[in-house]
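What follows is each chain in one-letter form.
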Amino acid sequence: MDAKFFNIIPGREEVTILLYGDVGDSRKVESGRVVSELLALQTKYKNIAVRINSNGGDVFSGIAIYNALKTSTANITIYIDGVAASIAAIIALCGKPLYMSPYAKLMLHSVSGGTWGNASALRKMADTMESLQTDLSRMIAGRCNMKPEDVAGQYFDEHDHWIDAEQALEMKLIDGIYEMETPSSTPGTTEEIYNFFNNRLVEQPPKTNDMALIDDIKSIPSFADKADEGAIVAHIKSLTNSATRADALEKANNEYKARIEELEGKEIAAIIDKAVAEGKITKEQVPAFTNMMKSDRTNTEALLATMKPQTNLRASAFINVDGAAQGSFSNKSWDELDKAGQLDTLKNSDFALFCAKFREKFGVEYKN
């Protein structure tokens, strides 16, 4: 949890979330991370304490945090430790039990912002700001026991309204003032209060490069459940061993495939040499029959078995007198040869017949 932008203090029955800092993307209180952590924590803890010390920030980010706290299934209790100003005050007034320190300040004021562009763009921004103020008025109206329009009139009048703990209790904005040790020097200004409560936190030791690396590694899904550095190292060793084993298996598989291809090559060469020795084919026909053996060994061996030794066999004899090839192929259609897986055999053994079958099937000449 220490890698997150805000502090989480776990306990046996309750977890504490510290919302200390400005609200907004890339700031200390970033809505996406706050909400995701809250959703995760409420599945583990029935009680969640939220402690606030913030000068405010982005309105939309604050609204997202407000909604997450308001709809949480956990028992949420909110504490304003130092300052809850602007949108941080809206978050604090989300409707959950709320307590302030005796030195805390709560501040409400109008939405502020800016833009650049023409008059229409400026008017549109003003309309957006007024719409947000209407939404914020409705969000805190119930807590203030006021109507939304009265909230807007009293607190969104373009002035800052600072409320201390006693005033907030009298106005019934909060449920109580919690006790704390009296500081050696009582903070007076808003900045002093903000800094006083920030300094009360036990500073985390600066994260070393090793700690940052471990956090990065744990962001990888397969490392997410590794509790410590030892578990991470053990998992890395396991993955390394698996990778080495896979590499070795791949190399062994490639070696086996090469040996099989070599043996098959020798077997084919032996069959072809035997056919030449028996006078079934000529030496000139060896390349053609070798290719036929590689593409369709079963049918080519069957073809050689049907051939009879001939004494004056010419290179073209196979094409002209091959009963198994020409006789069986000429009586079959292109689709029948295709279904039987014999197109390649026909092409290598009788190219002219192959072209004729192609022309008959597709109505155009075959171009090699």
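Residues numbered from 1 in each chain as written. Predicted model: local features only at pLDDT ≥ 70, side-chain atom pairs only at ≥ 80, totals over all residues. Heavy atoms only, no water.

Points about the overall build of the chain
Scanning the chain for helices and strands turns up 16 helices and eight strands. Within the span of the chain, comprising 368 residues, buried residues form 37% of the whole. The long-range share in the chain, meaning contacts at least 24 apart out of those at least 6 apart in sequence, stands at 62%. (Helix = DSSP H or I, 4+ residues; strand = E, 2+ residues; numbered from the N terminus. Buried < 20%, exposed > 50% of the residue type's maximum accessible area, 1.4 Å probe, protein only. Contact = heavy atoms within 4.5 Å.)

With respect to the pairing of strand S3 (residues 47-54)
Across the eight residues of S3, six count as buried, placing the element largely inside the fold. Relative to S3, strand S2 (residues 14-20) is paired through seven bridges, and the arrangement is parallel. Paired with Tyr20 across the bridge in S3 is Asn53. On the question of chirality, the crossover connecting S2 to the parallel S3 by way of helix H1 (residues 31-41) is right-handed. In this sheet, strand S4 (residues 75-85) lies alongside S3 in parallel orientation, the contact comprising seven bridges. (Pairing = 2+ DSSP bridges. Right-handed = clockwise from strand over helix to strand, strands pointing away.)

Things to note about the environment of Ile91
Structurally, the position occupied by Ile91 is in helix H3 (residues 87-92). Of the residues examined, Ile91 reaches a relative accessible area of 2% and is grouped as buried. Among all residues touching Ile91, those that are not within four sequence positions of it are Val23, Ile52, Gly62, Ile65, Tyr66, Leu69 and Ile78.

A look at the packing of aromatic side chains
For the coordinates displayed, the defined rule picks out ten aromatic pairs. On the basis of an interplanar angle of 50° and a centroid distance of 5.4 Å, the ring pair of Trp334 and Phe354 is categorised as tilted. Taken together, the residues span a long stretch of sequence, with Trp334 in helix H14 (residues 334-339) and Phe354 in helix H16 (residues 351-362) at a distance of 20 residues. Phe354 shares its class with Trp334; the two are buried. Centre to centre, the rings of Phe358 and Phe362 are 4.8 Å apart; their planes meet at 45°, and the pair counts as tilted. Of this pair, Phe358 and Phe362 both sit in helix H16, four residues apart, which is roughly one turn of the helix. Classification of Phe358 by relative accessible area gives buried; the value is 16%. Given a relative accessible area of 44%, Phe362 falls into the partly exposed group. (Phe/Tyr/Trp six-rings, centres within 6.5 Å; stacked < 30°, edge-to-face > 60°.)

Some details on the pattern of salt bridges
If charged atoms from side chains of opposite charge come close, those side chains can pair. As enumerated under the stated definition, the model contains eight salt bridges in all. Note that Glu262 and Lys266 form a salt bridge whose closest N and O atoms lie 3.6 Å from each other. Of the two residues, Glu262 and Lys266 are both situated in helix H9 (residues 229-277); the distance of four residues between them amounts to about one turn of the helix. Judged by its relative accessible area of 46%, Glu262 is partly exposed. We note a salt bridge from Asp335 to Lys361, for which the minimum N-O separation is 3.1 Å. (Salt bridge = Lys/Arg side-chain N within 4 Å of Asp/Glu carboxyl O.)

Here we look at the confidence of the model for the chain
Of all residues in the chain, 86% have pLDDT values of 70 or greater, and the mean over the chain is 80. Predicted confidence for residues 202-208 stays below pLDDT 50, and this span has six contacts to residues more than four positions away or in other chains. Contacts of residues 312-326 to residues separated by more than four positions or lying in other chains number 34 contacts, the stretch itself having pLDDT below 50. (pLDDT = per-residue confidence, 0-100.)

A closer look at unusual backbone geometry
Of note, Ser26 is a non-glycine position whose phi angle comes to about 65°, a positive value. Inspection of the secondary structure assignment puts Ser26 in the loop between S2 and H1. In this structure Ser26 comes out as exposed when scored by relative accessible area, which is 73%. At Lys172, a position not held by glycine, the phi torsion is positive, near 60°. Mapping Lys172 onto the fold places it in the loop between helix H6 (165-170) and strand S8 (176-177). For Lys172, a relative accessible area of 61% corresponds to the exposed category.

Points about the packing of H1 against helix H2 (residues 59-70)
Contact geometry of H1 with H2 gives a least axis separation of 9 Å together with a crossing angle of 10°. Relative to H2, H1 is oriented roughly parallel. Contacts between H1 and H2 involve Ser31, Val34, Val35 and Leu38 on the former and, on the latter, Ser61, Ala64, Ile65, Ala68 and Leu69. (Axes fitted to C-alpha atoms, helices over the stretch in contact; angles between N-to-C directions. Parallel < 35°, antiparallel > 145°, perpendicular 65-115°, else oblique.)

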